[in-house]
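One letter stands for each residue in the lines below.
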Amino acid sequence: MENIDIEKIRKEFPILSREVAGKPLVYFDNTATSQTPASVVDEIQRIYTHSKANVHRGVHTLSQEMTDLQEKCREKLRNYINADSIEEVVFTRGTTEGINLVAASFGSRFKEGDEVILTVMEHHSNIVPWQLLRERAGIVIRVADINERGELDLEHFKSLFNERTVMASFCHVSNVLGTVNPVKEMTAYAHSKGVPVLIDGAQASPHIKIDMKDIDCDFYVFSSHKMYGPTGIGVLYGRKKLLEEMPPYQGGGEMIGKVTFEHTTFADLPFKFEAGTPDFVGIAAFSKAIDFIEEIGMERIAAHEHALLEYTQERMQKIPGIRIFGTSPGKGAVISFLAGNSHPYDLGLLLDKQGVEVRTGHHCAMPLMDRLGIPGTVRASFAVYNTFAEADAFLKALTRAAAILE
């Protein structure tokens with residue numbers, strides 16, 4: 001496979017040439033959010049200065065142009081995830097809203113005592129919405145465990161299913177451990193028990209080819225800002241039959257058929273779930289981010305990130321006191337670690353003083369931290385624009401910081 005032209009790619013990201021603390025920036029916080037290429041930023045500026053008009057609301061030229069840009073992005077996303085129809089592609093504000101939408105709307109059919117299965121590695125966004133539903137409807141939440149390498153205990157997961165199970169909701173890739181869950185197998189097992197599945201794809205969509213026909217899940221959610229796109233844009237894939245059965249999540253303009261004070265009918269899919277004016281500028285710019293990914297190619301992106309991961313993780317293990325959490329084979333490009341018994345914030349601050357930007361804390365996964373018996377970790381994560389020279393700079397900075405904290 002042909003190597004990527006990393007210098008050409010980096011030129012698309014002016015932020016990567018800045019300095020932090022007088023040193024060249026090393027941005028290793030991609031799991032939280034990726035940087036944005038110039039093509040996306042230019043599209044945002046072009047629309048605001050040339051084409052801005054509300055979508056689906058007018059017959060005039062600008063409105064028609066903007067509507068066309070938004071709906072072309074929807075079709076591009078349908079193709080990106082290999083969904084059957086654009087009716088199955090709903091725009092949201094992000095992964096979090098997508099999960100909340102499903103929990104509130106699809107979950108409105110759940111009754112007291114019904115059970116929802118999660119895993120201990122879930123982000124808060126895939127825990128709290130189900131807890132809110134538990135408060136409203138009295139559902140029961142059951143949690144699948146992990147092994148010492150951070151892999152899902154698949155047998156434990158399967159053992160949680162019973163006649164009261166109504167939903168299984170789990171991440172594709174752990175934002176802390178990097179674990180890539182066997183989502184196709186998990187989905188098939190849930191379906192064999194008649195249980196629908198929601199997958200949190202926030203950490204998979206920028207790094208793994210995702211295919212709705214192959215995974216065969218019922219709902220899949222992800223965010224633009226982790227895919228080199230704008231913030232505030234997300235996608236909910238939903239199986240058409242289920243979306244048709246679900247009540248609207250919010251009410252307002254755009255999602256209606258006809259409104260009287262006595263009765264309202266709702267728009268067809270996907271607009272039934274898109275109340276109000278969308279971020280049509282962000283959606284159109286998201287289209288450019290998808291182009292950026294597809295022009296490089298997901299296989300090449302994944303290969304580059306995996307090589308960086310292997311190179312960095314292998315060398316980190318030689319630094320005295322470094323403890324890595326999440327060592328499953330084939331993991332995503334994420335390394336969560338601690339230096340001895342030092343607090344992650346202290347290590348993160350020392351790295352920042354050397355121009356290295358990493359994430360510190362519980363990473364919105366407090367139950368997982370409790371399971372690991374730690375308050376949090378430092379997390380380094382990679383994207384296609386990161387280099388081996390940056391990995392070396394990180395390793396040098398980490399060696400120095402770990403020695404200070406020893």
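So, how was this worked out
- Starting from 1, residues in each chain are numbered consecutively following that chain's sequence as written.
- Local features in this predicted model are restricted to residues of pLDDT 70 or higher, and side-chain atom pairs are both shown and tallied only at a pLDDT of 80 or more, whereas totals for entire chains, interfaces and linings draw on every residue.
- To get the side-chain values, all heavy atoms of the structure are used, and hydrogens and water are removed first.
- Under the DSSP-based scheme used, a helix requires at least four consecutive residues in state H or I and a strand at least two consecutive residues in state E, with every element numbered from the N terminus.
- To get the radius of gyration, use the C-alpha atoms; to get the globule rule, take the number of residues to the power 0.38 and multiply by 2.2 Å.
- Three exposure classes are used, based on accessible area relative to the maximum for each residue type with a 1.4 Å probe and protein chains only: buried under 20%, partly exposed in between, and exposed over 50%.
- In short, Shrake-Rupley with a 1.4 Å probe defines the accessible areas, and a residue's cover is counted only from the protein chains shown.
- Salt bridge, as used here, is a side-chain nitrogen of Lys or Arg placed within 4 Å of a carboxyl oxygen of Asp or Glu.
- Patch membership requires more than 30% relative accessible area and the absence of a salt bridge. Residues of like charge join within 9 Å; the nonpolar side chains Val, Leu, Ile, Met, Phe, Trp and Tyr join within 5 Å.
- Here a pair means two rings of Phe, Tyr or Trp (six-membered ring of Trp) with centres within 6.5 Å. Their orientation is stacked below 30 degrees between planes, edge-to-face above 60, and tilted elsewhere.
- Here, a charge over a ring means that NZ of Lys or CZ of Arg falls within 6 Å of the ring centre while also lying within 35 degrees of the ring normal.
- The contact criterion used throughout is that any non-hydrogen atoms of two residues lie within 4.5 Å.
- Any two strands with at least two DSSP bridges between them are considered paired.
- Fitting a line to C-alpha atoms yields each axis, with helices limited to the stretch in contact; the angle taken between N-to-C directions then spans 0 to 180 degrees.
- To estimate how far a helix should reach, multiply one less than its number of residues by 1.5 Å.
- Orientation labels follow simple angle bins: below 35 degrees gives roughly parallel, above 145 gives roughly antiparallel, 65 to 115 gives roughly perpendicular, and whatever is left gives oblique.
- A clockwise turn of the near helix away from the far one marks a right-handed crossing, whereas an anticlockwise turn of less than a right angle marks a left-handed crossing.
- The classification used treats Ala, Val, Leu, Ile, Met, Phe, Trp, Tyr, Cys and Pro as nonpolar, Asp, Glu, Lys and Arg as charged, and all other residues, Gly among them, as polar.

**A closer look at the overall build of the protein chain**
No. 1: If you tally the helices and strands in the protein chain, you get 14 helices and 17 strands.
No. 2: Compactness check: the protein chain gives a C-alpha radius of gyration of 22 Å against a globular reference of 22 Å for 406 residues, within 12% of the reference.
No. 3: Taken along the three principal axes of its C-alpha coordinates, the protein chain extends 70 × 55 × 40 Å.
No. 4: Taking all 406 residues of the protein chain together, 55% fall into the buried category.
No. 5: About 17,400 Å² of surface is accessible on the protein chain, with carbon and sulfur atoms providing 51% of the total.

**What to know about the pattern of salt bridges**
No. 1: Taken as a whole, this structure holds 23 salt bridges when the rule is applied.
No. 2: A salt bridge links Glu87 to Lys240, with the shortest nitrogen-to-oxygen separation between them at 2.9 Å. In this pair, Glu87 is assigned in the loop between helix H3 (61-81) and strand S4 (89-92) and Lys240 in helix H9 (residues 240-245), connecting sequence segments 153 residues apart.
No. 3: Of the residues examined, Glu87 reaches a relative accessible area of 25% and is grouped as partly exposed.

**Overview of a nonpolar patch on the surface**
No. 1: A contiguous nonpolar patch, built from Ile256, Val259 and Phe266 and spanning about 250 Å² of accessible area, is present on the exposed surface.
No. 2: In this structure, Val259 sits in strand S11 (residues 256-259).

**Comments concerning the packing of aromatic side chains**
No. 1: Applying the stated criterion across every chain yields a total of 15 aromatic pairs.
No. 2: Plain terms: the ring middles of Phe157 and Phe170 are 5.8 Å apart, the flat faces sit at 90° to each other, and that makes the pair edge-to-face. Here Phe157, found in helix H6 (residues 154-159), pairs with Phe170, found in strand S7 (residues 165-171); they are 13 residues apart in sequence, far enough to count as distant.
No. 3: By way of ring pairs, the aromatic residues Phe13, Tyr228, Phe292 and Tyr385 are connected into one cluster.
No. 4: Above the plane of the ring of Tyr80 lies Lys209, whose end atom (NZ or CZ) is 5.6 Å from the centre.
No. 5: Of note, Arg315 hangs over the ring of Tyr311, and the distance from its end group to the ring centre comes to 3.6 Å.

**Quick word on the environment of Phe157**
No. 1: Given the relative accessible area of 0%, Phe157 is considered buried.
No. 2: Non-local contacts of Phe157, meaning those with residues more than four positions away in its chain, are made with Ile117, Ala144, Leu152, Phe170 and Met186.

**A look at the sheet that holds strand S14 (residues 334-339)**
No. 1: Read from one edge to the other, the open sheet built from four strands follows the order S13-S14-S17-S16, with strand pairing classed as antiparallel. In the strand order of this sheet, the two ends are held by strand S13 (322-325) and strand S16 (359-361), each with one partner. Adjacent strand axes in the sheet meet at a mean angle of 30° when their direction is disregarded.
No. 2: Examined bridge by bridge, S14 and strand S17 (residues 377-381) share four bridges and lie antiparallel to one another. Opposite Ile335, over in S17, you have Ala380 as the bridge partner.
No. 3: Here helix H14 (residues 388-405) sits on the sheet and contacts S13, S14 and S17; the angle it forms with S14, its principal contact strand, is near 20°.

**Remarks on the pairing of S11**
No. 1: Where S11 lies against strand S12 (residues 264-266), three bridges are found, and the strand directions are antiparallel. Each residue of the ladder has a partner; that of Lys258, found in S12, is Thr265.
No. 2: In sequence, S11 turns back onto S12 through a hairpin of four residues.

**Focus: the sheet that holds strand S5 (residues 115-119)**
No. 1: Sheet architecture is open: seven strands sit in the order S4-S10-S9-S8-S7-S5-S6, paired in mixed fashion. Every interior strand has two partners, whereas the edge strands, S4 and strand S6 (140-144), have only one. Neighbouring strand axes in the sheet, compared pairwise and without regard to direction, differ in orientation by 20° on average.
No. 2: Pairing analysis gives four bridges linking S4 to strand S10 (residues 234-238), with the strands arranged antiparallel. Its bridge partner lying in S10, Phe91 is registered against Val235.
No. 3: Together, S4, strand S9 (219-223) and S10 form the strand contacts of H3, whose direction differs from that of S4 by roughly 120°.

**So, H3**
No. 1: Given a rise of 1.5 Å per residue, 21 residues ought to cover 30 Å, and the 31 Å separating the end C-alpha atoms of H3 matches this to within 8%.
No. 2: All buried positions along H3 are accounted for by Ser63, Met66, Thr67, Gln70, Glu71, Cys73, Arg74, Leu77, Arg78, Tyr80 and Ile81.
No. 3: Residue Asn82 follows H3 closely and has a positive phi angle near 60°.

**Side note on the side chain of Ser342**
No. 1: By secondary structure assignment, the location of Ser342 is in the loop between S14 and helix H12 (344-352).
No. 2: When its relative accessible area of 13% is taken as the criterion, Ser342 is described as buried.

**With respect to the packing of helix H11 (residues 298-316) against H14**
No. 1: Running from amino to carboxyl end, H11 crosses H14 at an angle of 25°, the nearest separation of the two axes being 10 Å. For the element pair H11 / H14, the angle class is roughly parallel. Here H11 runs over H14; the crossing is right-handed. Within the contact between the two elements, H11 uses His304, Ala307, Leu308, Tyr311, Thr312, Arg315 and Met316 and H14 uses Phe388, Ala391, Asp392, Phe394, Leu395 and Leu398.
No. 2: When its residues are assigned to classes, the contact of H11 with H14 shows nine nonpolar, two polar and two charged.

These figures come from the coordinates and say nothing about function on their own.
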